[in-house]
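Take a look at the letters that make up each chain.
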Amino acid sequence: MRMERVSGLLSWTLSRVLRLSGLSEPGAARQPRIMEEKALEVYDLIRTIRDPEKPNTLEELEVVTESCVQVQELDEEDYLVVIRFTPTVPHCSLATLIGLCLRVKLQRCLPFKHKLEIYISEGTHSTEEDINKQINDKERVAAAMENPSLREIVEQCVLEPD
C-alpha cells in the first residue's frame, strides 16, 4: 500500500514537472500555459482535502481530478476559477460539505486574486442544482461556517497531511 502511494506521488510529480517545463513559449502562446499552471496550482491545493466520511483524499476517491479545474483570466491580476467535482454516489449526502471544504481551502490558500465558482459535475448528483446554489451563495457559506460543529469538520478535512 505504501509503495503504491510513493509510486503514485512520484508519477504525479514527474508528469507535473514535464507539463510545467514548457515555459519558453513567446507572448500570447504562453497564455494557455499560464492558465494551465494556475489550474494545476488549484488542483494541488484541493487534491489533499479529506473526504468527510472516509480516510481518503478527494483525489484518491476521484471526486476531483486535474481536468475538473479550469482557470480563466478576467483581467491582468484577477482570475475565474471553476471547479466541477464528482460525488462518489448520485445521492451523496455530503456533497454540500465537500463543496464547502473546496471553497474554504481555496479562499484561504490561493495566492492569486480570484473569483471562485464550484459546481457538481452535471448529471452526477440527484440534487445538483440545489447544492450548486448553496455552495456558491456567500451568505449560506458564511452561515455554515458559523456553526461550530460544521466548522470543525471542515477544518479536519482541509488540514494539510503531514
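I will try to describe carefully the structure that is included in this document. Here the residue numbering is sequential within each chain, running from 1 through the sequence in written order. At least 70 in pLDDT is required for a residue's local features to be given in this predicted model, at least 80 for side-chain atom pairs to be given and counted, and no such filter applies to totals for whole chains, interfaces and linings, which use all residues. Heavy atoms from the whole structure form the basis of all side-chain values; hydrogens and water molecules are not counted.

Our next topic: helix α3 (residues 95-109). Owing to its 3.6 residues per turn, the α-helix aligns residues three or four sequence positions apart on the same side. Going along the chain from the N terminus, every DSSP run of H or I of four or more residues is numbered as a helix, and every run of E of two or more is numbered as a strand. By this rule the span expected of a helix is its residue count minus one, scaled by 1.5 Å. Taking 1.5 Å of rise per residue, 15 residues should cover 21 Å, and α3 covers 21 Å from first to last C-alpha, within 8% of that figure. When a residue's accessible area, from a 1.4 Å probe over protein chains only, is under 20% of the maximum for its type it is buried; when over 50% it is exposed; and in between it is partly exposed. Counting buried residues along α3, 11 of its 15 residues qualify, which places the element largely inside the surrounding structure. Buried within α3 are the following residues: Ala95, Leu97, Ile98, Gly99, Leu100, Cys101, Leu102, Arg103, Val104, Lys105 and Leu106.

In the Ramachandran plot, Glu62 falls in the positive-phi region, its phi being about 60° despite a non-glycine side chain. Glu62 sits in the exposed class, given a relative accessible area of 58%.

Taking a probe equal in size to a water molecule and rolling it over the atoms shows the remaining empty space. Cavity means a closed set of points on a 1 Å grid over the protein atoms alone, one where a 1.4 Å probe fits but cannot get out, pocket means an open set with protein on both sides within 12 Å along at least 5 of 7 lines, and lining means a residue has an atom within 4 Å of a point. Grid points are joined across faces, edges and corners, and a volume is the space filled by probe spheres set on the points. There is about 230 Å³ of room inside the second largest pocket. If you go around the second largest pocket, the residues you meet are Arg103, Gln107, His114, Lys115, Leu116, Glu117, Tyr119, Asn136, Asp137, Lys138 and Val141. Listing elements by their share of the lining of the second largest pocket, those giving two or more residues are α3, β3 (113-120) and α5 (138-146). The dominant element in the lining of the second largest pocket, judged by the number of residues it contributes, is β3, at five residues. As a working rule, the residues Ala, Val, Leu, Ile, Met, Phe, Trp, Tyr, Cys and Pro are called nonpolar, Asp, Glu, Lys and Arg charged, and the rest polar, with Gly in that last group. When grouped by side-chain class, the residues that make up the lining of the second largest pocket number three nonpolar, three polar and five charged.

This part is about the pairing of strand β1 (residues 69-75). Whether two strands pair comes down to DSSP finding at least two bridges between them. With six bridges connecting them, β1 and strand β2 (residues 78-85) associate as antiparallel partners. Pairing of Val71 across the sheet is with Val81, part of β2. Between β1 and β2, which pair antiparallel in sequence order, lie two residues.

A word on the side chain of Asn132. Counting through the fold element by element, Asn132 comes out in helix α4 (residues 128-135). Given a relative accessible area of 14%, Asn132 falls into the buried group. Note on definitions: a residue-residue contact is assigned when non-hydrogen atoms from the two residues lie within 4.5 Å. Those residues within four positions of Asn132 in sequence are excluded, and the remaining contacts are Ile118, Tyr119 and Ile120.

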